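Results of the structural survey
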Amino acid sequence: MTEKEAPLVAGLLLAAGGGRRLGGRPKALLRHRGRPLVEHAVGVLRAAGCARVHVVLGAQAAAVQEQAELGDCVLVDNPDWADGMGSSLRAGLDSLAGTGARAALVSLVDQPGIGPEAVARVLAAYGDEASLVSAAYDGVRGHPVLFGAAHWAGIAATATGDRGARAYLKAHEDAIGLVECGDVARPYDIDTEADLTHLE
């Protein structure tokens, strides 16, 4: 894919977590509709219109690659995955440098209630590399989030621990375009044993 043909917005799936509150079961490998959750999440990004998808892997990365069909995704290894989501976000944004992508649409592997409709709405809100867009649920900011390339360095500089881009987004709240998705998606996380009831 030449830079001229490269999609302006790349999908960036954070799927490196070790599932600490799930007894150490990586979320990427949880089963949903008969397939690993990471495969489902990639399918959502593709169905929403992301032609290029980068997947950040960490916990049991070899098993994830073995069990999930990730097709022509770019797989990004995050050896520091145990440090939290911030390290995965940094690794993912770093992997997009030089690809021609002007924005990253960031989604999380453990939110199967967010489908292609919500992701497509956020994708459609892309304007240019200064774009900063977030899905909202009844007016409350959630995922996915679209980061124009002009924001990547600032996000990487502040993404630490499990906070991801939270600090950066808080500092740039006035610039964020909110896209209401509460009518088409449910933003629950699969974090604990009790949350497993959301999986099908």
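Since the structure is predicted, the reported quantities are computational estimates derived from the model, not experimental observations. (Residues numbered from 1 in each chain as written. Predicted model: local features only at pLDDT ≥ 70, side-chain atom pairs only at ≥ 80, totals over all residues. Heavy atoms only, no water.)

Focus on the nonpolar core
- Judged by nonpolar contacts, the single largest core of 42 residues is most densely connected at Leu13, Ala15, Val38, Val55, Leu105 and Leu146.
- At the level of secondary structure, the elements contributing two or more residues to this core comprise strand S1 (9–15), helix H1 (37–48), strand S4 (53–57), helix H2 (61–67), strand S6 (103–108), helix H4 (116–124) and strand S7 (132–137).
- Residue contributions to this core peak at 7 residues, all from H1.
- For Leu146, the residues in contact, after removing those within four places along its chain, are Val9, Ala103, Ala104, Leu105, Val122, Leu123, Tyr126, Ser131, Leu132 and Val133.
- With 25 residues, the next largest nonpolar core counts Ala10, Val76, Ala91 and Ile176 among its residues. (Core = buried A, V, L, I, M, F, W, Y, C linked by side-chain atoms within 4.5 Å. Buried < 20%, exposed > 50% of the residue type's maximum accessible area, 1.4 Å probe, protein only. Helix = DSSP H or I, 4+ residues; strand = E, 2+ residues; numbered from the N terminus. Contact = heavy atoms within 4.5 Å.)

Thoughts on the pairing of S4
- Taken across its 5 residues, S4 has 5 buried, putting it largely inside the fold.
- A two-sided burial pattern is seen for S4, the buried positions comprising Val53, Val55 and Leu57 on one face and His54 and Val56 on the other.
- Relative to S4, S1 runs parallel, the two being bridged by 5 bridges. When the sheet's bridge partners are listed, Ala15 is paired in S4 with Leu57.
- Bridge count for S4 against strand S5 (residues 74–77) is 4 bridges, and the pairing is parallel. When the bridges of S5 are listed, His54 appears paired with Val74.
- Where the polypeptide runs from S4 across H2 and back to S5, its parallel neighbour, the crossover connection is right-handed. (Pairing = 2+ DSSP bridges. Right-handed = clockwise from strand over helix to strand, strands pointing away.)

Some details on the UniProt feature "domain: MobA-like NTP transferase" (unreviewed entry) in the chain
- Here the UniProt-annotated "domain: MobA-like NTP transferase" (unreviewed entry) positions come out as residues 11–174.
- Across residues 11–174, helical content stands at 32% and strand content at 24%; the span's end C-alpha atoms are separated by 24 Å. (UniProt positions renumbered as here; feature names shortened; annotations may be inferred.)

Brief notes about the environment of Val184
- Note on placement: Val184 falls in the segment after strand S9 (177–180).
- Taking C-alpha positions, Val184 is 17 Å from Arg46, a pair spaced 138 residues apart along the chain.
- Apart from the residues lying within four places of it in its own chain, the contact partners of Val184 are Glu117, Ala118 and Arg121.

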